[in-house]
Amino acid sequence: MATTTLLNTQKKESRWGMTKKNVIWKRKDLLGLEDLSADEIALILDAAKSFKEVSTRKVKKVPTLRGKTIVSLFFEPSTRTRISFELAAKRLSADTIGITANSSSVLKGETLKDTAKNIEAMNVDVVILRHSTPGAPHLLAKVLGPSIINAGDGAHEHPTQGLLDLFTIKEKKGTLKNLKVSIIGDIAHSRVARSNIWGLKKMGADVTVCGPSTLMPVGIERMGVKVTNDLDQAIEGADVLNVLRIQVERQKKGLLPSIREYINLFGINRQRLKNAKDDMLIMHPGPINRGVELTPDVADGPCSVILEQVANGIAVRMAVLFLVTGGKE
Amino acid sequence: MDILIKDGYIYDPANRREGNFDILVSCGKIKTVAKKIKAQASKVIDARGKVILPGLIDMHAHLREPGREDAETIETGLSAALSGGFTGVCAMPNTEPCCHNQEVAEFLLKKAQVLGKANLYPIGAITKNREGKELSEMSELKNAGCVAISDDGNSVKDTAIMRRALEYAHMLDMPVISHCEDTDLSADGVMHEGYISTEMGMKGMPAVSESTIVARDLQLAEFTGARIHIAHVSCKESLDLIRAAKAKGIRVTSETCPHYLVLTDETVKSFDSNFKMNPPLRTEEDMKALRAALKDGTIDVISTDHAPHIESEKDVEFNYAPFGIIGFETAVAVISTDIVSKNIITWNDVAEVMSNHPAHILGLDKGSLGEGSDADITIIDPDEEWVYKRDEIKSKSKNSPFIGRKFKGRVKHTIVNGDIFPI
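Residues numbered from 1 in each chain as written. Chains lettered and ligands numbered in written order. Predicted model: local features only at pLDDT ≥ 70, side-chain atom pairs only at ≥ 80, totals over all residues. Heavy atoms only, no water.

> Before we go on, may I ask you to explain the packing of helix H5 (residues 112–121) of chain A against helix H6 (residues 136–143) of chain A in this structure?
Working note: a packed helix pair is described by the angle between its axes plus the distance between those axes. Residue and element names in this part refer to chain A. Between H5 and H6, the shortest axis-to-axis distance is 10 Å and the interhelical angle comes to 50°. It follows from the interaxial angle that H5 and H6 lie oblique. Of the two possible hands of crossing, H5 and H6 adopt the one that is right-handed. For the pair H5 and H6, the contacting residues are Leu112, Lys113, Ala116, Lys117 and Glu120 in the first and Ala136, Leu139, Leu140 and Val143 in the second. In terms of residue class, the contact of H5 with H6 is made up of six nonpolar, no polar and three charged. (Axes fitted to C-alpha atoms, helices over the stretch in contact; angles between N-to-C directions. Helix = DSSP H or I, 4+ residues; strand = E, 2+ residues; numbered from the N terminus. Parallel < 35°, antiparallel > 145°, perpendicular 65-115°, else oblique. Left-handed = near helix turned anticlockwise from the far one by under 90°. Contact = heavy atoms within 4.5 Å. Nonpolar A, V, L, I, M, F, W, Y, C, P; charged D, E, K, R; others polar.)

> Help me understand the confidence of the model for chain B in this model?
When the pLDDT values of chain B are averaged, the result is 97; 100% of them are 70 or greater. In the model output, the complex is listed with pTM 0.93 alongside ipTM 0.90. (pLDDT = per-residue confidence, 0-100.)

> How should the sheet that holds strand E2 (residues 95–100) of chain A be read in this particular structure?
In any sheet, the strands associate via hydrogen bonds between backbone groups, in a parallel or an antiparallel arrangement. All names here are of chain A. Spatially, E2-E1-E3-E4 is the arrangement adopted by the four strands of the open sheet, whose pairing is parallel. Single-partner strands in this sheet number two, and they are E2 and strand E4 (147–153). With direction set aside, neighbouring strand axes in the sheet form an average angle of 15°. In this fold H5 packs onto strand E1 (69–74), E2 and strand E3 (126–131), with an angle of close to 155° to the strand it touches most, E3. Against the sheet, helix H13 (residues 306–324) touches E1, E3 and E4, its axis set at about 145° to E4. (Pairing = 2+ DSSP bridges.)

> So what exactly am I meant to see when it comes to the environment of A:Leu31 here?
Residues and elements named next belong to chain A. As for its position among the elements, Leu31 is in the loop between helix H1 (2–12) and helix H2 (38–52). Looking at Leu31, the relative accessible area reads 14%, which means it is buried. Separated by 267 residues in the primary sequence, Leu31 and Val298 have C-alpha atoms spaced 33 Å apart. With near-sequence residues (within four places) excluded, Leu31 lies in contact with Pro137, His138, Ala141, Ile148, Asn150, Glu157 and Pro159. (Buried < 20%, exposed > 50% of the residue type's maximum accessible area, 1.4 Å probe, protein only.)

> How should the packing of H2(A) against H13(A) be read in this particular structure?
Residue and element names in this part refer to chain A. Packing of H2 against H13 leaves a shortest axis separation of 8 Å and a crossing angle of 115°. Crossing of H2 against H13: the hand is right-handed. Mapping the contact onto sequence places Leu43, Ile44, Ala47, Ala48, Phe51 and Lys52 in H2 and Asn312, Ala315, Val316, Met318, Ala319, Val320, Phe322 and Leu323 in H13. Residues belonging to the contact of H2 with H13 are distributed by class as follows: 12 nonpolar, one polar and one charged.

> Got a minute to help me understand helix H9 (residues 284–296) of chain B in this structure?
The α-helix winds at 3.6 residues per turn, so residues separated by three or four positions along the chain end up facing the same way. Residue and element names in this part refer to chain B. Compared with an ideal rise of 1.5 Å per residue, which puts 13 residues at 18 Å, H9 spans 18 Å between its outermost C-alpha atoms and is within 8% of the ideal. The set of residues buried in H9 consists of Asp286, Met287, Ala289, Leu290, Arg291, Ala293 and Leu294. Among the structural elements, helix H7 (236–248), strand E14 (252–256), helix H8 (258–262), strand E15 (301–302), helix H11 (331–340) and helix H12 (347–362) are those in contact with the buried residues of H9. Count one or two residues on from H9 and you reach Gly297, which has phi positive near 90°. (Expected span 1.5 Å × (residues − 1).)

> What's the story with the environment of B:Val411 in this structure? I'm lost.
All names here are of chain B. Position of Val411 relative to the elements: it lies in strand E17 (residues 406–416). Here Val411 falls in the buried class, since its relative accessible area comes to 6%. With 361 residues separating them in the primary sequence, Val411 and Lys50 have C-alpha atoms 9.5 Å apart.

> Looking at this structure, I do not really get the nonpolar core. What am I missing?
Within soluble globular proteins, side chains that are nonpolar tend to cluster in buried spots. Core analysis: the largest hydrophobic core is formed by 165 residues, its most contacted members being A:Ile128, A:Leu163, A:Leu321, B:Leu53, B:Trp347 and B:Met354. Here this core gets 10 residues from one element, more than from any other, and that element is H13(A). Residue-level mapping places this core at the junction of two domains, with at least three residues from each of domain 1 (3–51 + 374–421) and domain 2 (56–362) of chain B. If we skip the residues at most four places from it in the chain, B:Trp347 touches B:Tyr11, B:Val51, B:Leu53, B:Val332, B:Ser336, B:Val340, B:Ile380 and B:Pro382. Counting 24 residues, the second-largest nonpolar core is a separate cluster that includes A:Cys210, A:Leu256, A:Tyr262 and A:Ile282. (Core = buried A, V, L, I, M, F, W, Y, C linked by side-chain atoms within 4.5 Å. Domains from an automatic or database assignment.)

> Explain the domain arrangement of chain B here, please?
Interface size, as often reported, equals the accessible area lost upon joining of the parts. Residue and element names in this part refer to chain B. For chain B, the assigned domains are domain 1 (3–51 + 374–421) and domain 2 (56–362). Measuring from the centre of the C-alpha atoms in domain 1 to the corresponding centre in domain 2 gives 25 Å. Across the contact, 36 residues belong to domain 1 and 47 residues belong to domain 2. Of all residues in domain 1, the largest losses of buried area upon contact with domain 2 belong to Lys396, Asn399 and Phe402, amounting jointly to 20% of the total for that side. (Buried area = accessible area lost by both parts, 1.4 Å probe.)

> Can you walk me through helix H1 (residues 74–83) of chain B in this structure?
Residues and elements named next belong to chain B. Most of H1 sits out of view: nine of its 10 residues are buried. Of the residues making up H1, those classed as buried are Ile74, Thr76, Gly77, Leu78, Ser79, Ala80, Ala81, Leu82 and Ser83. Those residues of H1 that are buried lie in contact with strand E7 (86–91), helix H2 (102–115), strand E8 (119–124), E17 and strand E18 (419–422). The positive-phi residue at the C-terminal boundary of H1 is Gly85, with phi of around 95°.

> Would you mind showing me how to read the pattern of salt bridges here?
All names here are of chain B. Evaluation of the coordinates by the stated rule reveals 46 salt bridges over all chains. Measuring nitrogen to oxygen at the nearest pair gives 3.2 Å for the salt bridge that ties Glu134 to Lys128. Residue classification places Glu134 among the partly exposed positions, given a relative accessible area of 49%. Its relative accessible area of 34% is what places Lys128 among the partly exposed residues. One salt bridge in this structure joins Glu199 and Lys269, with 2.4 Å as the shortest N-O distance. Of this pair, Glu199 sits in helix H5 (residues 195–200) while Lys269 sits in the loop between H8 and H9, and the two are 70 residues apart along the sequence. (Salt bridge = Lys/Arg side-chain N within 4 Å of Asp/Glu carboxyl O.)

> Teacher, can you tell me more about the interface of chain B and chain A here?
With 18 residues of chain B at the interface, the matching set in chain A holds 27 residues. Summed over both partners, the interface of chain B with chain A comes to about 1900 Å²; 56% of that surface belongs to carbon and sulfur atoms. Joining chain B to chain A, the criterion identifies three salt bridges. Between B:Lys269 and A:Glu34 there is a salt bridge; the shortest N-O distance is 2.7 Å. Taken together, the residues of the side of chain B that touches chain A sort by class into seven nonpolar, five polar and six charged.

> Explain the environment of B:Leu172 to me, please; I cannot follow it from the model alone.
Residue and element names in this part refer to chain B. Tracing the sequence through the fold places Leu172 in helix H4 (residues 159–172). Assessed through its relative accessible area of 14%, Leu172 is described here as buried. For the pair Leu172 and Met138, spaced 34 residues apart in sequence, the C-alpha separation works out to 8.0 Å. With near-sequence residues (within four places) excluded, Leu172 lies in contact with Met138, Ser139 and Lys142.

> Can you walk me through the sheet that holds E8(B) in this structure?
All names here are of chain B. Sheet architecture is open: eight strands sit in the order E6-E7-E8-E9-E10-E13-E14-E15, paired in parallel fashion. A strand with exactly one partner marks an edge of an open sheet, and here the two such strands are strand E6 (56–61) and E15. As defined by bridge partners, E14 adjoins E15 across two bridges and the pair is classed as parallel. Paired with Thr256 across the strands is Ile302, a residue of E15. Sitting on the sheet, helix H6 (residues 207–224) is in contact with strand E10 (176–178), strand E13 (228–230) and E14, with an inclination near 165° to E13.

So, in C-alpha cells, the structure goes:
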C-alpha cells in the first residue's frame with residue numbers, strides 16, 4: 001500500500017522532523033494555525049516532505065485517497081489555491097469537484113449552511129472552503145460531518161498558505177527555530193500574515209511585521225510580533241522576507257495616499273536589499289504586483305523562492321488532505 | 001381583584017422605603033403598604049424571601065411590529081417583557097412604517113391596550129423615516145403618546161439637524177435619546193476594534209466611533225439646554241465624557257444594557273452571531289468601567305435593547321448576521337447573577353436604574369410603590385437557580401447569547417395596573 005510506503009519513508013527520514021514523538025492527528029478539520037500545536041504543525045510538515053516526492057514522479061499519483069470525494073467551495077476568486085488543492089487531491093486519487101460561487105448568491109437565497117448540508121447529503125468526505133467572512137469554515141465545521149479545510153476566510157486565516165510558507169522556509173533553512181522572519185505590507189487585511197504569525201511563533205521563529213500605520217491592525221503586537229514602519233529595520237538581519245500583495249483599492253479607501261508613495265516607503269528593490277543577509281529568502285503568496293511590492297529583478301532574483309512556494313503548496317495540501325481523512329502516523 | 005402581597009422585601013427608592021412590608025393592591029392601585037396588613041383579598045401572594053421592586057420599565061426595546069411580525073409582535077414582545085418582570089416597555093421607532101407620525105404611535109398604543117399586557121410607551125422618530133434630514137412632527141408625536149424621540153439605530157449625522165432637534169424637543173420637554181455612532185468610523189465593522197478583531201481579521205468598530213458622537217451630542221445639549229439621553233453606552237471613553245458633562249450640569253442621562261456589563265469581545269471568538277450587536281461588546285476594561293459607572297451614578301438606566309431577529313437571518317456567517325439580541329427575559333437574571341450577587345449594586349439600585357429613573361426621565365407617573373400609585377410591581381426570587389432554555393423563550397425570536405446559561409435570581413410575578421401575571 002502506498003500509504004504504508006509513505007509512512008515508512010517518513011520514518012526513515014525522521015531527521016527532517018523534530019525528534020520523533022508519537023504525535024497523532026486527531027482533528028476532523030483544519031480551520032487555522034492558531035488552534036494547532038507545534039507538534040501538529042511539525043507532523044504536517046513531515047508528511048508534506050514525503051508527499052513532495054510524488055509530484056516529481058513520472059506517474060504523479062498515489063492511491064491514498066482512492067474512493068474519497070472532495071468538494072472545493074470557493075466563494076471568492078482564486079486561481080492558485082484552488083488549482084493547488086485540486087492537484088493535491090487528484091494526485092492522491094480522490095474524486096474532486098470544484099464549485100465557484102459568488103458570495104452574493106448567499107444573500108439571494110440559499111444560506112451557506114444549506115449549500116453545505118446539500119453537499120453533505122451527497123456523502124462527500126472533505127469540503128474545502130474559501131469565503132470572504134472570517135469564521136465561515138468554523139460555522140460549517142460545527143454542523144457538518146465531512147472534514148472542513150479552510151482555504152482562506154476573510155482576513156482571518158489561510159492555514160495551508162501558512163503551512164507551505166513554513167515548509168518552504170524549513171526546507172531552505174533546515175529549521176524554523178530562532179529564524180528572523182519579517183512580513184511586509186498590508187498586515188491588516190492579510191489572512192496570510194495571521195496564519196504565518198501563528199505558525200512561525202509556535203515553531204519558535206522571531207517575527208516582525210512591517211507596513212504603513214494605516215494597514216497595521218490595532219494590538220497586533222499582542223500576537224507576539226515586533227512592529228515597525230521602517231522597511232530597512234525589517235530587512236536588516238532578517239532570514240526571510242515574506243512580502244504581501246498590496247491591493248490598489250486601499251488607496252481609494254483612504255488608507256494610502258498613493259501607490260507611488262507606498263512603493264517609495266515599502267517597495268522592495270535591489271537598493272533596499274543592500275544591507276540584507278546574503279542568504280535571505282524572498283517570499284510572496286502571490287499574485288505579485290510587479291513593480292509595486294517587489295521589483296521584477298527581486299521577484300525573479302536569486303533570493304526568491306516564490307515559485308518553490310507554489311510547488312510546495314501541493315505537497316502541503318496533500319499532507320493535510322491525507323491527515324484530515326484519517327491518515328495516522 | 002384585590003391582591004395581598006405578604007411579607008416581601010420592598011425596595012422603593014421613590015419613597016425611601018426598604019424592608020419587609022405587606023402590599024395591598026385594589027382597583028389597579030397600591031392601596032396600602034404596611035407591616036402585617038389584615039385584609040381580605042382574592043389573591044394572596046406569599047412573598048417571603050422575595051424582592052419586591054416597583055414595576056420595571058425598559059427604556060429601549062424593539063417590538064418589530066409593524067413590519068417584521070415574523071421576528072416579534074406587540075403581543076409576543078409584551079408577553080416576553082412580562083415574563084422578564086417588565087411592566088412597561090418603550091418601543092423604538094425603527095419599524096416599517098417608522099413611528100414618525102401619530103398613526104403609527106396610535107396603532108401601537110391601541111394594540112397594546114387591547115392586549116392588556118405590559119404598558120407600552122412609543123418612542124417617536126427624531127426625523128422623518130429616521131433619515132436624519134427633516135424633523136418629524138414631534139408635538140403631534142407627543143400628543144399621540146410618544147414619551148421621547150430617537151432615530152434609534154441611526155445617529156443623526158447632520159450636526160445642524162441634531163441641534164434643531166434638541167432645540168425643538170426642548171420646547172416640548174421631550175428627552176432626545178441618541179444612538180451615538182460615527183458611521184464613517186464604524187463603516188463595515190462587525191465587532192469592537194481591538195486585539196480580538198485583529199486576531200480574527202474582522203472589521204472593527206472602534207470605541208471612538210461612539211465616543212466622538214457622545215462628545216458632539218453633549219456639546220449640543222449644553223448649547224441648547226435640552227435633555228439628552230445617551231443610549232446603550234458601551235465604552236469607557238463615553239463614560240468619561242458623560243461623567244464630566246454631569247459634573248458640569250449638562251442635562252444628560254445615560255443607559256447601558258446587561259450584556260455590556262457581563263460580556264466582552266472575547267466571546268466573538270466563538271463566531272456565534274448572538275454575540276453580535278451594535279454597539280459591539282467591548283473589552284474587559286470597558287466592562288469594568290461600565291460597572292463602576294453604574295455604581296457611581298454616571299449610568300442612570302439599565303435597558304435591554306431587546307432586538308429580535310429570526311433564526312435564518314441570524315444563523316449565518318458572522319459578517320452577514322444582523323446586529324442585536326433579545327433581552328427581556330434575561331435582564332433581571334443577568335443583573336441578579338452577575339451584578340447584585342457580586343455586590344456591584346444593590347436591589348435598591350436596581351429599583352432605581354430599571355424603574356424609578358426610566359419613569360423620571362420619560363416623565364411617567366410610575367416607578368413608585370407608594371400608596372395611591374399604579375399597581376405596577378415586580379416580584380423576584382433572588383435565590384432561585386434556573387437554566388435559561390431555548391424552548392421556554394416567550395419572545396418570537398431566540399437570538400440570545402445566554403441560552404443554556406445558569407442563573408441565580410428569577411422573576412416570579414409581574415403585576416401591571418393590578419393585573420397579575422404568573423410566571
